[in-house]
Amino acid sequence: SLKIFELSSRRFIDMDNDSDRLLVWMTAAAMDIERSKISARVQSNNRLRRSKGGDIGAPKYGYTWGPNGKGAAIHVPDMSFRYVIQAIFELNEMGHTKNEIIEKLSDLSDTLPKRKRITKHKIDSIRKHKRKYVKDFKLERPKKKVRFR
């Protein structure tokens, strides 16, 4: 017979017992209802945010939340990251690999909060959204394209 340990009552639930099986089904139904309520609330909030011109999702590297003047929050450039982003573009232009860029920027990266440190994934994202970064951070346009190795 299948037995499940329930944390709240600190006992094993026997799935052969009708009352225990009912308890499991009722708990699962309650969880399903709660999940539906959370999903509806998130979707409603996202629709409201979009209708006010706000952004959805976590800001990309170098961006933070800021007001848009219509009661919603948007992603705005955090100029304290400008020098890091500029350095990434310059090192990329010189032909450095992602690992070399991370190593060269490790001194700068150590002064940043842990979730804002430079990673390969963040370098890829910055590179992918190059035009947006150049425009938003008012960076010098790179002269030529160099691909990462």
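Heads up: the structure comes first, above all this text.
Note that the coordinates shown come from a computational prediction; the quantities given were computed from them, not determined experimentally.

How each quantity is defined
- Residue numbers here run from 1 along each chain, matching the order of that chain's written sequence.
- Where totals are concerned, whole chains, interfaces and linings use all residues; where local detail is concerned, this predicted model gives features only for residues with pLDDT of at least 70, and gives and counts side-chain atom pairs only at 80 or more.
- Values shown for side chains rest on all heavy atoms present in the structure; no hydrogens or waters enter the calculation.
- Secondary structure elements follow DSSP: runs of H or I of four or more residues count as helices, runs of E of two or more count as strands, with numbering from the N terminus.
- Any residue under 20% of the maximum accessible area for its type is buried, any over 50% is exposed, and the rest in between are partly exposed; the area is computed with a 1.4 Å probe on protein chains only.
- The salt bridge criterion pairs a side-chain nitrogen of Lys or Arg with a carboxyl oxygen of Asp or Glu, the two atoms within 4 Å.
- Put simply, buried Ala, Val, Leu, Ile, Met, Phe, Trp, Tyr and Cys residues joined by side-chain atoms within 4.5 Å make one nonpolar core.
- We call two residues in contact when some of their heavy atoms are within 4.5 Å.
- In this description, strands pair whenever DSSP reports at least two bridges between them.

Caption draft 1: Local environment of unusual backbone geometry. One non-glycine residue with positive phi stands out, namely lysine 138, at about 50°. Here lysine 138 is to be found in the segment after helix H6 (130-136). Of the residues examined, lysine 138 reaches a relative accessible area of 62% and is grouped as exposed.

Caption draft 2: View of the pattern of salt bridges. Inspection of the entire model under this criterion finds five salt bridges. With a closest N to O distance of 3.1 Å, aspartate 20 and arginine 11 form a salt bridge. Under the relative-accessibility criterion, aspartate 20 is labelled buried at 8%. In this structure arginine 11 comes out as partly exposed when scored by relative accessible area, which is 33%. A salt bridge links aspartate 136 to lysine 132, with the shortest nitrogen-to-oxygen separation between them at 3.0 Å. Here aspartate 136 and its partner lysine 132 are both found in helix H6, four residues apart, which amounts to about one turn of the helix.

Caption draft 3: Structural view of the nonpolar core. By size, the foremost hydrophobic cluster in this structure holds 18 residues, and its most contacted members are Tyr61, Ile85, Ile88, Leu105 and Tyr133. Every element with two or more residues in this core is listed here: helix H2 (82-93), helix H5 (120-128) and H6. If you tally residues by element for this core, the top one is H2, at six residues. What isoleucine 85 contacts, discounting residues up to four positions off in sequence, is Tyr61, Gly62, Ile126, Tyr133, Phe137 and Leu139.

Caption draft 4: View of the environment of threonine 64. Structurally, threonine 64 can be placed in strand S3 (residues 63-67). Look at threonine 64 and you get partly exposed, because its relative accessible area is 32%. It is 9.7 Å that separates the C-alpha atoms of threonine 64 and methionine 79, two residues lying 15 residues apart in sequence. Those residues in contact with threonine 64 that sit more than four places away from it in its chain are Pro59, Ile74, His75, Val76 and Asp78.

Caption draft 5: View of the side chain of serine 125. Relative to the assigned elements, serine 125 resides in helix H5. A relative accessible area of 18% places serine 125 in the buried class. Beyond its immediate sequence surroundings of up to four residues, serine 125 is in contact with Lys60 and Tyr133.

Caption draft 6: Quick look at the pairing of strand S1 (residues 3-6). Relative to strand S2 (residues 11-14), S1 runs antiparallel, the two being bridged by four bridges. When the sheet's bridge partners are listed, glutamate 6 is paired in S2 with arginine 11. Taking the residues between adjacent antiparallel strands as the criterion, S1 and S2 are bridged by four residues, where arginine 10 takes a positive phi near 55°.

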